[in-house]
Amino acid sequence: MAGQAQTQTVVDQPILLKVLLRQHHWQTYGTFCREYDKAAKQVDPCLMGKWPSRTQLHRWLSGDLKGLPYSDHCRVLEAMFPGKTAEELFAPVTAEVPAPRQAPSSPAPDIGGQFADVTAVFSSRSAFAAAYPPSALFDNAKEISAAGLSLNLLCQSYPDHQLKRLLEGGTHIRCLFLDPHGTAIKEREAEERYTDSTLSTLTALNISILTRLKGRLDPQAAKRLEIAVYDETIRFNILIMDRATCVVQPYLPQARGVDSPTFVITDNTAAEGLFPVFDQIFTSLWERSRPV
């Protein structure tokens, strides 16, 4: 009976760590890792970069963790939230928690539980591009991962000199194209009723744009631009920036990619969301791809 009562409490009341992350707007995985590193630097610089995995963090926040994390994690978490012990951080909240004194400059939008981590939906790629121009997506990014067909948003809509600036400034870019010489792209051309190899030609052109750019980079910057191809039925166009924002388009039957609905997803480890789903899809495709 005592165990049942404890389980009921966990279900009904979130743990304090989850509440505090929401209040500070640190619930996205990328933001959490940055704040974790800031605290780890104060505790022990050797602990920097040793934040929990995305799955591990979700398990922490679910409220059903048995015991406490490893002691090093506890030390860093206590530094992130001064005045709170690890035991308190992983205990269910039984009273209202005061909000932080200073609100962040860019609070995350309150989108309601029914939408999980989906923050915007557009009827087409053009409608999305009007609200999210490429400069807004890429200019300050430190990590860009893109998978789809021709990746026009990155290769055609964003200037070469800006891509070069990013790569020379330390940005890591991974581009995964549908193989222009494969069978899947021919099947997609037939589905979109192209008879002149339009998609194959455009994809090959975009790949050549990036390979030429890579050839103009210094060796270290060139390593940060990875290009690969895959030959599988195309289902999604996926764009991920800084492990925090994901833009997804499904490929619809007999419809061009530009005409497909577009979803913007902001990672929120404090909620059951879609970000980990598409992050895993990209990772899986990348692991099965062939470097160019």
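Residues numbered from 1 in each chain as written. Predicted model: local features only at pLDDT ≥ 70, side-chain atom pairs only at ≥ 80, totals over all residues. Heavy atoms only, no water.

### A short note on the overall build of the chain
A count of helices and strands for the chain gives 14 helices and eight strands. Just so you have it, the chain exposes about 15400 Å², and 53% of that area is on carbon and sulfur atoms. (Helix = DSSP H or I, 4+ residues; strand = E, 2+ residues; numbered from the N terminus. Areas by Shrake-Rupley, 256 points an atom, 1.4 Å probe, with all protein chains shown as cover.)

### Description of the pattern of salt bridges
Using the criterion set out here, one finds 10 salt bridges in the structure. Between R54 and D279 there is a salt bridge, with the nearest N and O atoms lying 3.7 Å from each other. With R54 in helix α4 (residues 54–62) and D279 in helix α14 (residues 275–287), the pair connects residues that are 225 residues apart, well separated along the chain. Judged by relative accessible area, R54 falls into the buried class, the value being 16%. Note that E232 and R288 form a salt bridge whose closest N and O atoms lie 2.8 Å from each other. Placement of E232 in the loop between β4 (225–230) and β5 (236–241) and of R288 in the loop between α14 and β8 (290–291) is noted, with a sequence separation of 56 residues between them. The class of E232 is partly exposed, set by a relative accessible area of 25%. A single salt-bridge network, built from bridges that share partners, covers R54, D267 and D279. (Salt bridge = Lys/Arg side-chain N within 4 Å of Asp/Glu carboxyl O. Buried < 20%, exposed > 50% of the residue type's maximum accessible area, 1.4 Å probe, protein only.)

### Considering the nonpolar core
In terms of nonpolar packing, the biggest core is built from 31 residues, with F138, I144, I173, F177, L239 and M241 touching the most fellow members. L20, F32, A39 and L89 belong to the second largest nonpolar core, which has 24 residues in total. (Core = buried A, V, L, I, M, F, W, Y, C linked by side-chain atoms within 4.5 Å.)

### Here's the deal with helix α10 (residues 160–168)
Of the positions making up α10, those classed as buried are Q162, L163, L166 and L167. In an axial view of α10, the angular spread of the buried residues amounts to 135 degrees, which keeps them on one side of the axis. With its phi angle positive at about 110 degrees, G170 sits one or two positions after the end of α10. (Arc of directions from axis to C-beta.)

### Side note on the layout of surface pockets
Roughly 420 Å³ of internal volume is contained in the second largest pocket. R125, N152, N237, Y251 and V258 are the residues nearest the centre of the second largest pocket, which is lined by 27 residues in total. For the lining of the second largest pocket, a count of residues per class yields 17 nonpolar, seven polar and three charged. (1 Å grid on protein atoms, 1.4 Å probe; cavity = no way out; pocket = protein on both sides within 12 Å on 5 of 7 lines; lining within 4 Å. Points joined across faces, edges and corners; volume = space filled by probe spheres on them. Nonpolar A, V, L, I, M, F, W, Y, C, P; charged D, E, K, R; others polar.)

### What about the pairing of β4?
Here β4 lies mainly inside the structure; five of its six residues are buried. The sheet contact formed by strand β3 (residues 172–178) and β4 spans six bridges and is parallel. Paired with I173 across the two strands is L225, which belongs to β4. With two bridges connecting them, β4 and β8 associate as antiparallel partners. Each residue of the ladder has a partner; that of V229, found in β8, is R290. (Pairing = 2+ DSSP bridges.)

### Some remarks on the environment of R243
As for its position among the elements, R243 is in the loop between β5 and β6 (245–250). Assessed through its relative accessible area of 28%, R243 is described here as partly exposed. Residues R243 and T31, 212 residues apart in the sequence, show an inter-C-alpha distance of 9.1 Å. Those residues in contact with R243 that lie beyond four places of it in its chain are Y29, G30, W51, R54, E143, D267 and F275. (Contact = heavy atoms within 4.5 Å.)

### A short note on the packing of helix α11 (residues 183–191) against helix α12 (residues 198–215)
Where α11 contacts α12, the axes come no closer than 8 Å and their chain directions differ by 130 degrees. Classed by the angle they form, the pair α11 and α12 counts as oblique. From α11, I185, R188 and E189 reach across to α12, where they touch T198, L199, S200 and T203. Tallied by class, the residues present in the contact of α11 with α12 amount to two nonpolar, three polar and two charged. (Axes fitted to C-alpha atoms, helices over the stretch in contact; angles between N-to-C directions. Parallel < 35°, antiparallel > 145°, perpendicular 65-115°, else oblique.)

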